[in-house]
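Read off the chains here:
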Amino acid sequence: MKTNHIIVLLMLAAVTAFSGCDSNEIDTAKPQILLSEPAEEEAYAPGSAIHFVVTLSDNVALASYKVNIHGAFDGHTHSAVQPSLTRATDAEPHPFERTWMESEFIAQGEEPIAGKQQVIINHRLMVIPDSIEGRPVKEGHYHFTVYCTDSSGQESFIAREVEITHEAGEHLH
């Protein structure tokens, strides 16, 4: 009988030790982003919706994502250089900049990604306005950037160049 108790205690100690190891592992892998749409250098007309298709994945669990569009008129990249601030006059077109948080997409019917290991997002919920504060949206090159955070707080991003121009045709995806 005493031998059985010792065996049971050793088994419980082993289970506790192994389960403790799993919870102490640190997730060092960043989430993966595979952006299918928009394509590099794809053009959009002011007032049109962007077709957004992305696959997000993580080895443990995803947490959230967001999308940002901002002007690339100063030639900056996403390595280290930040854009310089300039003040536009009333007559100049207004550069477009906006960040869509995942919560906005959820409010429009998308499923949350939190806790999932892989999701495919496919929608047209991001619309480029025709004008901002009464001034037309500035045409030119913009950066379309997708950020994804996993459950351990690590973030990845991917950036593409897109063009906003009145010359863009209708997107038929």
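Residues numbered from 1 in each chain as written. Predicted model: local features only at pLDDT ≥ 70, side-chain atom pairs only at ≥ 80, totals over all residues. Heavy atoms only, no water.

What follows deals with the overall build of the protein. What the protein contains, in helices and strands, is 2 helices and 10 strands. When the helices and strands of the protein are listed from N to C terminus, the series reads α-β-β-β-β-β-α-β-β-β-β-β. Pairs at least 24 residues apart make up 75% of the contacts formed inside the protein by residues separated by at least 6 positions. When the accessible surface of the protein is totalled, it reaches about 10,600 Å², and 56% of it is carbon and sulfur. (Helix = DSSP H or I, 4+ residues; strand = E, 2+ residues; numbered from the N terminus. Contact = heavy atoms within 4.5 Å. Areas by Shrake-Rupley, 256 points an atom, 1.4 Å probe, with all protein chains shown as cover.)

So, on to the packing of aromatic side chains. The full count for this structure, using the stated rule, is 5 aromatic pairs. Ring geometry for tyrosine 65 against phenylalanine 105: centres 5.6 Å apart, planes inclined by 10 degrees, an arrangement best described as stacked. Linking tyrosine 65 in strand S4 (residues 62-71) with phenylalanine 105 in helix H2 (residues 102-107), this pair joins segments that are 40 residues apart in sequence. Pair check on accessibility: tyrosine 65 and phenylalanine 105 agree, each one buried. Judged by centre distance (5.7 Å) and plane angle (35 degrees), the rings of tyrosine 147 and phenylalanine 157 are tilted. One end of the pair, tyrosine 147, is in strand S9 (residues 140-150); the other, phenylalanine 157, is in strand S10 (residues 155-164), and 10 residues separate them in sequence. A relative accessible area of 42% means that phenylalanine 157 is categorised as partly exposed. Here lysine 66 stacks its cationic end above the ring of tyrosine 147, 5.1 Å away from the centre of that ring. Note that lysine 138 overlies the ring of phenylalanine 73, its terminal NZ or CZ placed 4.2 Å from the centroid. (Phe/Tyr/Trp six-rings, centres within 6.5 Å; stacked < 30°, edge-to-face > 60°. Buried < 20%, exposed > 50% of the residue type's maximum accessible area, 1.4 Å probe, protein only. Lys NZ or Arg CZ within 6 Å of the ring centre and 35° of its normal.)

Okay, the sheet that holds strand S1 (residues 32-37) next. The strand order across the open sheet built from 3 strands is S1-S3-S6, with neighbouring strands paired in antiparallel fashion. On the outer flanks of this sheet lie S1 and strand S6 (118-127), each paired with one strand and no other. Shown here is a sheet whose adjacent strand axes are inclined to one another by a mean of 25 degrees, direction ignored. Relative to strand S3 (residues 49-57), S1 is paired through 5 bridges, and the arrangement is antiparallel. Pairing of leucine 35 across the sheet is with valine 54, part of S3. (Pairing = 2+ DSSP bridges. Axes fitted to C-alpha atoms, helices over the stretch in contact; angles between N-to-C directions.)

Here we come to unusual backbone geometry. The omega angle of the peptide bond from glutamate 37 to proline 38 is 5 degrees, so this bond is cis rather than trans. Its location among the elements puts proline 38 in the loop between S1 and strand S2 (42-44). Unlike most non-glycine residues, glutamate 41 shows phi in positive territory, near 65 degrees. For glutamate 41, the location among the structural elements is in the loop between S1 and S2. At glutamate 133, a position not held by glycine, the phi torsion is positive, near 55 degrees. Tracing the backbone shows glutamate 133 in the loop between strand S7 (131-132) and strand S8 (135-136).

Residue placement: glutamate 155 occurs in strand S10. When the C-alpha atoms of glutamate 155 and glutamine 32 are compared, they prove to be 9.3 Å apart, with 123 residues separating the residues in sequence. With residues up to four places along the chain from it excluded, the contact list for glutamate 155 reads Lys30, Tyr147, Cys148 and Thr149.

What follows is about the side chain of threonine 165. Counting through the fold element by element, threonine 165 comes out in the segment after S10. Look at threonine 165 and you get buried, because its relative accessible area is 9%. In contact with threonine 165, not counting residues within four places along its chain, are Ala43, Tyr44, Ala45, Pro46 and Glu139.

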